[in-house]
Amino acid sequence: MAKLTVRDLNVNGKRVFMRVDYNVPLDEKDGQMVITDETRIKETLPTLRLLIEKGARLILAAHLGRPKGKREPSMSLRPVAARLAELLGCKVNFADDCIGEKVEKLAKELPPGGILLLENVRYYNEEEANDPAFAEKLAKVADVYVNDAFGAAHRAHASTEGVARIVAKRGGQCAAGLLMERELKFLGDELDKPARPFVVILGGAKVSDKIKVIDRLLDKADTILIGGAMAYTFKLAQGFKVGQSLVEKDKTDVALAALDKAKKRGVQFLLPTDNTCVTPVKTDKLDKKGRPVLDLTNPRTNADANIPDSEEGVDIGPATAAKYGEVLRSAKTVLWNGPMGIFEDKRFAVGTNAVAQAVVDATQKNGAKTIIGGGDSVKALNKAGLGDKVTFMSTGGGASLEFLEGAVLPGVAALSEK
Ligand code: AMP
């Protein structure tokens, strides 16, 4: 059933507790924390403007970083309040706490159309624990609950789930913001009844991360295109040599089961036929996690189905990119999750960029609905300057993936039905 959205609300003079995703990157500059990417703040503006117009008294709650229950000054939301005020062109009050008398007083003083941003909810461990007493304290300033933080909806935390339950219990409404509404429309409704052909592109590091999505989409898609390191687990399962490529040796049975299901369902399931290979060479450097850094040397196209023992596959090859492009250009619905190679390195972003261009072409020349399922594929499209040329880019990472798996997200489940 469809969820209630902010469009359905009559909130004149009511206190609207709205969970937003203001988990923005910050950098310290001359002793001040400076926002380095304000996309997430900008994305909430349509919902905020609509609620201001409706005369709501807005109380915004969000988390920033992982302060683990401590008042970590570098993770304060204060800089966000200042930037939000500039973007909206109106006053944004800031409470240096998210619960307590001070917050209640500030909320009481808010005029219709006024905004109050609360301090980081994760300054309290009770937030992530979804502690009922803490949720009650948050809910003290909530007549109505709105959730516009899709990226946090897969977690049952106090501000994403607990408060909504309390408001609903009191007979109050719990609605999706406009951002959340779009996520549910594109990752949900549009993919439930896709225009065909429906082509799914899945890439990234691990089969184990994506197997539930693969399994669910095998019931819906006409074609599935596989890229990224994930492809090598499938290749290994089929008996090919994968050299030094990143594989999950213990997931070959899972890969074979997916191939078998595809065959039975008549889903075209394509794996790379060529790739870009490198020779990894050990260095004496360690990465952030203390693992040895490898130099990826001597990139070359490997047109053979097998990868030599000393080499590693790091991207799909040109023949695969051309084939995937051909399939994508005639698609009517496209869902993409996960890069085709180690796209963070320009040398190995060629396959991902070719797929990105083919997705854009499908959108613009074939009228396809193209949906980018969050995380690294969104980063890759933005890096290629193509972010605004697809139908929809999800703002969630883990949340998008869980939603695509068909999981019920606690933050969505807590919203009222229409
Ligand atoms: P995911 O979060 O599962 O979508 O995986 C994204 C990560 O997979 C990116 O950091 C890529 O660098 C990585 N990746 C993609 N292809 C490969 C590959 N062939 N070898 C190693 N890592 C890869």
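Residues numbered from 1 in each chain as written. Predicted model: local features only at pLDDT ≥ 70, side-chain atom pairs only at ≥ 80, totals over all residues. Heavy atoms only, no water.

1. Here we look at a positive patch on the surface
Short version of the rule: Within the patch definition used here, like charges are joined within 9 Å and nonpolar side chains (Val, Leu, Ile, Met, Phe, Trp, Tyr) within 5 Å, considering only residues with over 30% relative accessible area and no salt bridge. For the accessible areas, the method is Shrake-Rupley and the probe is 1.4 Å, while residue cover comes only from the protein chains on display. By convention in these notes, a salt bridge is any Lys or Arg side-chain nitrogen within 4 Å of a carboxyl oxygen on Asp or Glu. Charged residues are defined narrowly, with Lys and Arg counted positive, Asp and Glu counted negative, and His plus the chain ends left uncounted. One atom stands in for each charge, and that atom is NZ of Lys, CZ of Arg, CG of Asp or CD of Glu. For the purposes of this entry, the term helix denotes a DSSP run of H or I that reaches at least four residues, the term strand denotes a run of E that reaches at least two, and both are numbered from the N terminus.
A contiguous patch of positive charge, built from R66, K68, K70 and R155, is present on the exposed surface. Relative to the helices and strands, R155 resides in the loop between β7 (144-147) and α7 (158-169).

2. Let's talk about the packing of aromatic side chains
Quick reminder of the rule: Geometry of aromatic contacts follows a simple scheme: Phe, Tyr and Trp rings, the Trp one being its six-membered ring, pair when their centres are within 6.5 Å, and the pair is stacked under 30 degrees between planes, edge-to-face over 60, tilted otherwise. Remark: exposure states derive from per-residue accessible area (1.4 Å probe, protein chains only) relative to the maximum for the residue type, with buried under 20%, exposed over 50%, and partly exposed in between.
Taken as a whole and assessed by the stated rule, the structure comprises 5 aromatic pairs. Consider the rings of F150 and F403, whose centres lie 5.9 Å apart with planes at 85°: the pair is edge-to-face. Residue F150 is found in the loop between β7 and α7, and its partner F403 is found in helix α15 (residues 398-404); the two are separated by 253 residues along the sequence. With relative accessibility at 15%, the residue F403 sits in the buried group.

3. Remarks on unusual backbone geometry
The omega angle of the peptide bond from R196 to P197 is 0°, so this bond is cis rather than trans. Note that P197 resides in the loop between α8 (178-192) and β9 (198-202). Phi is positive for N130, which is not a glycine, with a value near 50°. Summarising the element assignment, N130 is placed in the loop between α5 (125-128) and α6 (132-139).

4. Overview of the sheet that holds strand β13 (residues 292-302)
Definition in use: What makes two strands pair is DSSP finding at least two bridges between them. Note on geometry: axes are lines fitted to C-alpha atoms, helical ones only across the stretch in contact, with angles between N-to-C directions running from 0 to 180 degrees.
With antiparallel pairing, the 3 strands of this open sheet are ordered in space as β13-β12-β14. Each edge of the open sheet is held by one strand with a lone partner, namely β13 and β14 (312-316). Geometrically, the sheet is characterised by an average inter-axis angle of 35° between neighbouring strands, direction not taken into account. Summarising the sheet, strand β12 (residues 275-286) and β14 pair through 4 bridges and their orientation is antiparallel. In the strand pairing of β14, V278 is matched with E312.

5. Let's talk about the nonpolar core
As a reminder of what qualifies: We call a set of buried Ala, Val, Leu, Ile, Met, Phe, Trp, Tyr and Cys residues a nonpolar core when their side-chain atoms join them within 4.5 Å. The split of the chain into domains comes from an automatic or database domain assignment. The contact definition used throughout considers only heavy atoms, calling two residues in contact when any of these lie within 4.5 Å.
Formed by 66 residues in total, the largest nonpolar core has its most connected members in F17, I226, F234 and F269. Both domains that meet at this core, namely domain 1 (6-181) and domain 2 (196-367), each give it at least three residues. Among residues more than four places away in sequence, those in contact with I226 are L202, I214, A231, F234, F269, L270, L271, P272 and Y324. Counting 35 residues, the second largest nonpolar core, distinct from the first, contains L9, V11, Y22 and A85.

6. Description of the packing of helix α9 (residues 207-217) against helix α10 (residues 230-237)
What counts, and what does not: By the definition adopted for this analysis, an angle is roughly parallel if under 35 degrees, roughly antiparallel if over 145, roughly perpendicular if from 65 to 115, and oblique otherwise. Ten residue types, Ala, Val, Leu, Ile, Met, Phe, Trp, Tyr, Cys and Pro, are classed as nonpolar, four, Asp, Glu, Lys and Arg, as charged, and the remainder, Gly among them, as polar.
Across the interface, α9 lies against α10 with an axial gap of 9 Å and an inter-helix angle of 85°. In terms of their interaxial angle, α9 and α10 are classed as roughly perpendicular. Residues V207, K210 and I214 of α9 form the contact with α10, whose own contacting residues are M230, T233 and F234. For the contact of α9 with α10, a count of residues per class yields 4 nonpolar, 1 polar and 1 charged.

7. Some details on the domain arrangement of the protein chain
The assigned domain composition of the protein chain is domain 1 (6-181) and domain 2 (196-367). Each of domain 1 and domain 2 has a C-alpha centre, and these two points are 39 Å apart.

8. So, α8
Test applied: To estimate how far a helix should reach, multiply one less than its number of residues by 1.5 Å. Note on bend: the value at a residue is the angle between axes fitted to the seven residues ending there and to the seven starting there.
When the terminal C-alpha atoms of α8 are compared, their 20 Å separation across 15 residues agrees well with the 21 Å that a helix rising 1.5 Å per residue should span. At K185, α8 shows its strongest bend, of approximately 35°. Along α8, the residues classified as buried are L178, L179, M180, E183, L184, F186, L187, G188, E190 and L191.

9. Let's talk about the site of the ligand
For clarity, the threshold we go by: We call a residue near a given molecule or strand whenever any one of its heavy atoms falls within 4 Å of it. Counted as a polar contact is a pair of N or O atoms within 3.5 Å, where, for protein atoms, one must be capable of donating a hydrogen and the other of accepting one, and residues adjacent in sequence contribute only when both atoms are in side chains.
Taken together, 15 residues surround the ligand, and among them A205, K210, G313, E344 and D376 come closest. Taking A205, its main chain carries an N or O atom lying 3.1 Å from an oxygen atom of the ligand. One of the backbone N or O atoms of A229 is found 3.2 Å from a nitrogen atom in the ligand. Across the shell around the ligand, the residue classes tally to 7 nonpolar, 5 polar and 3 charged.

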